[in-house]
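Notes for the structure review
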Amino acid sequence: MAEGYDTTRFHSTIDEGFVCCICLGVLKDPMQCENNEHYFCFGCIKKHLEKTSCSCPVCQDKLTVETLRKAPRIVVDCVSHYKISCDHAARGCDAVLELGALQAHVQDCDFMPVTCSNEGCDEVVGKRNVKQHEHELCRFKTTCDDCGEKMSHHKYGAHGCVLRRDVDEMKNDLAEMKATQHEIMTCVQRMTIAFESFQKSVNSKSTDIVVIAGCNPKTNKSLSSVERFNLFNQTWTQLPRLKIARHASAAVMFKNQMFVYGGFNDSGTSLNSIEVLDLNGNPPEWHEFFANLAIKVAGHKCVVHGNRLLIIGGDTKAGEKLDMIYELLLVPPYSSKLLCHMKKKRAFHGVELFDDKVLIAGGIGAETDVEIFDIARNECVEMPPLPSPLHSMGTVRRGDTMLLIGGMKNDEEDQASNEIIEYDFKTGQSKVLVAMKTGRADCSCISRGNTLIAIGGVEDDPDAVDCFDFLSNSWKKLPSMAEARVIASAVVVNMENLEF
């Protein structure tokens, strides 16, 4: 691993003389050889001399750790004035400062990763958000005395056990007391206030699921239609249609805007176009984004990290799979660049973001292979494989695990799986968590709290929507989509204060 500073982080023109001859990064704690003033990072030359050789790697003169000399003060001063991005730029910090002030800034940066201090929670969040996470969002904050469920503090008041206790107490009050009319009215008011508070709590946290485009399984035609499902009212409604019909695309939310990337059109040609729906628009409508993807791709996956979109794998044309991970800036200058090559080429795979790492599993071309893309290090690391070959499945993140829902088994029978596999992000262990009532592939999946929602992907019922409750360990059917679709994209949207 390089000891010096990555040259791509600098906003100044770097003099080649201030680049380490070993790691090719900008000098960190610069040292020089004894006779010919060749400059190195202290960490780089120390490792070189201890493990590799007792000579200067440039001039080959005899050199030891003891005979190293500090670089002249003018070198240190020049390097310290270079402008550099913060260590936590990938987490959202846009500070650009002199290298000499970097260490002090990084130690106090609001975007510095901090681990939640609540017992049982090891989630890493930015320093500026850690208090809100610990007091409001952490799911390990409070434990219900009745059912033992762990939950964040702000959810406890609307928890079912608490509401049942409140209602039981009110019933006992009504049964035991010989109440006057005033007392009865007071009790009714209390119950009304409790119900309204509960309803407000549910509504304030309510989110909608938006299902975008896909393919009609009967006609094999790409769709441009978009539907949203209200979890509270259990109803489907139509949203504005895409400008270009597409399937096997990817969709994300960024700053209250819905983005749809790439996909196949009706002729099977992959697309590089991007469409955006601004939910604050009046009326909202889809429009083309300021930039296109760097390549035409479908069957890919995308995640948002800070202000960057990461585009992972995919299919550029029939039979040609990608091993590339690209980034696209979602803010000016909207530039693209190649970040890394995966260990395997893959398409129609599973991807979930875990803070600064992306778990990548299965897919056509890499059916059992699993790897992790480390965003900070820009490298992929192999993980233990899936228990069986799988592609075209739905995935969601649940705690420290990825759930792989259905998919094609890629066996001789080539049939859709009815299994939900749980893969632990930290240990690489996997197991079959639960079985669905039927096999499904090319479905869209969403996880909300203790609920998993699987949308489409059933061969004989492609508009089906099913819900699994992890607390009761049971399935139930939800209202079907207005239009049958597979290989669609789905996102979760906070619809509060939005009108359509």
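Under an unreviewed UniProt entry, the name given to the protein chain is E3 ubiquitin- ligase NRDP1, and the organism recorded is Paramuricea clavata.

Moving on to the packing of aromatic side chains. All chains considered together, the criterion is met by 13 aromatic pairs. Summarising the aromatic geometry, the rings of F290 and Y334 are spaced 5.1 Å apart at their centres and angled 25° between planes, so their arrangement reads as stacked. With F290 in the loop between β18 (286-288) and β19 (301-305) and Y334 in the loop between β22 (320-329) and β23 (336-346), this residue pair connects regions lying 44 residues apart in the sequence. F290 sits in the exposed class, given a relative accessible area of 63%. For Y334, a relative accessible area of 22% gives the class partly exposed. Note on F354 and F425: the rings are 4.4 Å apart at their centroids and 0° apart in plane angle, and the pair reads as stacked. Here the residue F354 occupies a position in strand β24 (residues 350-354), and F425 occupies one in the loop between β30 (419-424) and β31 (430-435), the gap between them amounting to 71 residues.

Every buried residue of helix α1 (residues 42-51) is listed here: C44, I45, H48 and L49. Buried residues in α1, looked at end-on, bunch into an arc of 120°, giving them a common side. Those residues of α1 hidden inside the fold are in contact with β2 (39-41).

Strand order in this open sheet of 4 strands is β15-β16-β17-β18, and the pairing throughout is antiparallel. Of all the strands in the sheet, just β15 (250-254) and β18 have a single pairing partner and so form its edges. Shown here is a sheet whose adjacent strand axes are inclined to one another by a mean of 25°, direction ignored. With 3 bridges joining them, strand β17 (residues 274-278) and β18 adopt antiparallel strand pairing. Bridge pairing in β18 links L277 to W286.

Right, let's talk about the side chain of E371 for a bit. Mapped onto the elements of the fold, E371 is located in strand β26 (residues 370-374). Classification of E371 as buried rests on a relative accessible area of 1%. Within the local environment of E371, its side chain forms a polar contact with the backbone nitrogen of K343, the two atoms lying 2.8 Å apart. Only 3.4 Å separates the side chain of E371 from the backbone nitrogen of K344, close enough to count as a polar contact. If sequence neighbours within four positions are ignored, E371 has contacts with M342, K343, K344, R346, V358, L359, I360, C380, V381, E382 and M383.

The 4 strands are arranged β14-β13-β10-β36 in an open sheet whose pairing can be described as antiparallel. Because the sheet does not close on itself, it has two edges, and the strands there are β14 (235-239) and β36 (489-493). Going across the sheet, the axis of each strand differs from the next one's by a mean of 25°, ignoring polarity. As judged from the 5 bridges shared by strand β13 (residues 226-230) and β14, these two strands associate in the antiparallel manner. Within β14, the position partnered with N230 by the bridge is T235.

What counts, and where the lines are drawn
- Think of each chain on its own: its residues are numbered from 1, step by step along the sequence as written.
- The predicted nature of this model means local features are confined to residues of pLDDT at least 70 and side-chain atom pairs, given and counted, to a pLDDT of 80 or more, with totals for whole chains, interfaces and linings taken over all residues.
- Only hydrogens and water are removed before side-chain values are computed, so all heavy atoms of the structure are retained for them.
- Think of it this way: a Phe, Tyr or Trp ring, Trp meaning its six-membered ring, pairs with another when their centres are within 6.5 Å, and the plane angle makes it stacked under 30 degrees, edge-to-face over 60, tilted otherwise.
- Only DSSP runs of H or I reaching four residues or more are called helices, and only runs of E reaching two or more are called strands; each is numbered from the N terminus.
- Each residue is placed in one exposure class: buried if its accessible area under a 1.4 Å probe, protein chains only, is under 20% of its type's maximum, exposed if it is over 50%, and partly exposed if it falls in between.
- The arc refers to the directions leading from the helix axis to the C-beta atoms.
- Contacts are residue-level and defined by heavy atoms, with any inter-residue pair within 4.5 Å sufficient.
- By this definition, two strands are paired if DSSP reports at least two bridges between them.
- Helix axes use the C-alpha atoms of the stretch in contact, all axes being lines fitted to C-alpha atoms, and the angles between their N-to-C directions lie in the range 0 to 180 degrees.
- Here a polar contact is taken to be a pair of N or O atoms separated by no more than 3.5 Å, where protein atoms must pair a possible hydrogen donor with a possible acceptor and residues adjacent in sequence count only if both atoms sit in side chains.

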